[in-house]
Amino acid sequence: MLATFNNPMQVLANSSILIDLHTHSLSSGHGSTDTVNDMAKAAACAGVKILGISEHGPATAGSAKPSYFRSLKLANRHRFGVQLLFGAEVNIITPAGALDLDDNVLSGLDYALVSIHPPTLNPYEHQDLTNAYINAMEHPNIRFLGHIDDARFPVDFERLLSIAKEKGVYPEINNGSLMPDAYRKGGQENCRKILEICKRINLPVLLSSDSHGAKNIGNIEYVLPLLKECDFPEHLVINNQPDLLWKILEKL
Ligand SMILES: [Zn+2]
Ligand SMILES: [Zn+2]
């Protein structure tokens, strides 16, 4: 059964989210020993009702293999009062936008974010990676653009976001990019630009904790001030609108 909520659109008023789709368990191979069960328990404590587990694609050292992603359809989707979705944070592994999971694996998942990470695509060899993201969006089940704010992988935000809108793909605003000790660069400035464009072109955004393990599930503490600063409209925030999320996942 799909979760629905009364009076959902209150991310800013409540400083909390009901949906967190960018999280990593121990199966991502780094940064945590927390299982999916641990993550679901933490989500329940944080008030997150729909938790997406998005392990890194296989190109990330130590992360899950395609067989793991294939087996997720057998996993229990309701734990501790939390509805679980199983996705992936796939890597773009070439400047042309090739991904590290095949379409037949992606199509068995609830969703996928597409991201670029330094170990799987050297940022210093490439300039504008807008086309890499645009090509990656052609693959089935890509629904979200992961941390496109990373200044080490520059993109043309105007062009990328207008094409994302046409394709039914949505950018995330990643709390990890905005943390004071963030290892990605340019998060504040670039997330502000992304929010301003999305507000202007009416494109919803996904707020993400990018929690590695259970600790930061539902944590958007560094996103909230930016939303306020940009006077970003609640109706363009996906996280407390399950009905909008189901439409996005089904590409309605
Ligand atoms: Zn990432
Ligand atoms: Zn991530």
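To keep things clear, this report deals only with the structure shown in the data block.

Conventions and cut-offs
Residues numbered from 1 in each chain as written. Chains lettered and ligands numbered in written order. Predicted model: local features only at pLDDT ≥ 70, side-chain atom pairs only at ≥ 80, totals over all residues. Heavy atoms only, no water. Donors = N, O, S within 2.8 Å, 3.2 Å for Na, K, Ca; no water. Helix = DSSP H or I, 4+ residues; strand = E, 2+ residues; numbered from the N terminus. Phe/Tyr/Trp six-rings, centres within 6.5 Å; stacked < 30°, edge-to-face > 60°. Buried < 20%, exposed > 50% of the residue type's maximum accessible area, 1.4 Å probe, protein only. Lys NZ or Arg CZ within 6 Å of the ring centre and 35° of its normal. Tetrahedral: all angles 85-135°; square planar, octahedral: opposite > 155°, others 65-115°. Arc of directions from axis to C-beta. Contact = heavy atoms within 4.5 Å. Salt bridge = Lys/Arg side-chain N within 4 Å of Asp/Glu carboxyl O. Pairing = 2+ DSSP bridges.

### Comments concerning the coordination of the zinc ion (ligand 1)
At step 1: Coordination of the zinc ion (ligand 1) by the protein involves E89 (OE), H117 (NE2) and H147 (NE2), with metal-donor separations of 2.1 Å.
At step 2: Ordering the donors of the zinc ion (ligand 1) by residue number gives the pattern E-x27-H-x29-H.
At step 3: The two metals, the zinc ion (ligand 1) and the zinc ion (ligand 2), are separated by 3.4 Å and share E89 as a common coordinating residue. Taken together, the positions of H117 in the loop between β6 (111-115) and α5 (130-136) and H147 in the loop between β7 (142-145) and α6 (157-167) put the pair 30 residues apart, joining distant regions of the chain.

### Looking at the packing of aromatic side chains
At step 1: By the definition in use, this model includes two aromatic pairs.
At step 2: When the centroid spacing of 5.6 Å and the interplanar angle of 85° are considered together, the rings of Y68 and F69 count as edge-to-face.
At step 3: F69 sits in the buried class, given a relative accessible area of 1%.
At step 4: Across from the ring centre of Y183, 5.3 Å away, lies the NZ or CZ of R184, which sits over that ring.

### A closer look at unusual backbone geometry
At step 1: One non-glycine residue, N141, adopts positive backbone phi at about 75°.
At step 2: Mapping N141 onto the fold places it in the loop between α5 and β7.
At step 3: If you check the backbone angles, N202 has positive phi at about 65° while not being a glycine.
At step 4: Within the element layout of this structure, N202 appears in the loop between α8 (187-201) and β9 (206-208).
At step 5: Classification of N202 by relative accessible area gives partly exposed; the value is 44%.

### A few points about the coordination of the zinc ion (ligand 2)
For a metal with four tetrahedral donors the ideal donor-metal-donor angle is 109.5 degrees, while six octahedral donors give ideal angles of 90 or 180 degrees.
At step 1: The coordination sphere of the zinc ion (ligand 2), as far as protein atoms go, consists of H22 (NE2), H24 (NE2), E89 (OE) and D210 (OD), spread over 2.1 to 2.3 Å.
At step 2: In this structure, the zinc ion (ligand 2) is surrounded by four donor atoms whose angles at the metal cover 80 to 169°, and the resulting shape is irregular.
At step 3: Here the donor residues of the zinc ion (ligand 2) share one chain and are spaced in sequence as H-x1-H-x64-E-x120-D.

### Points about helix α10 (residues 242-250)
Note that an α-helix has 3.6 residues per turn; residues three or four places apart therefore point the same way.
At step 1: The set of residues buried in α10 consists of P242, L245, W246, I248 and L249. The arc that holds every buried residue of α10, seen down its axis, measures 160°, which confines them to one face.
At step 2: Structurally, α10 contributes buried residues whose contacts are with β1 (19-20), β3 (50-56), β5 (82-91), β6, β7 and β8 (170-174).
At step 3: Two residues or fewer after α10 comes K251, characterised by a positive phi angle close to 55°.

### So, the pattern of salt bridges
A side chain with one charge may pair with a side chain of the opposite charge, provided their charged atoms come close.
At step 1: Throughout the structure, instances matching the rule amount to seven salt bridges.
At step 2: Between R152 and D150 there is a salt bridge whose closest N-O contact spans 2.7 Å.
At step 3: According to the relative accessible area criterion, R152 is buried, its value standing at 17%.
At step 4: You can call D150 buried: its relative accessible area is 3%.
At step 5: Between R192 and E229 there is a salt bridge, and its shortest N-O distance comes to 2.6 Å. Taken together, the positions of R192 in helix α8 and E229 in helix α9 (residues 224-229) put the pair 37 residues apart, joining distant regions of the chain.

### Regarding helix α2 (residues 36-46)
At step 1: Within the sequence span of α2, burial applies to V36, M39, A40, A42 and A43. The buried residues of α2 occupy an angular sector of 165° when projected down its axis, which confines them to one face.
At step 2: Structurally, α2 contributes buried residues whose contacts are with β2 (23-24), β3, α3 (66-71), β4 (78-79) and β5.
At step 3: Looking at the residues trailing α2, positive phi occurs at G47, about 80°.

### Structural notes on the pairing of β7
At step 1: The sheet contact formed by β6 and β7 spans three bridges and is parallel. Each residue of the ladder has a partner; that of L113, found in β7, is F144.
At step 2: Here two bridges tie β7 to β8, and the two strands are oriented parallel to one another. Note that in β8 the partner of L145 across the bridge is P171.

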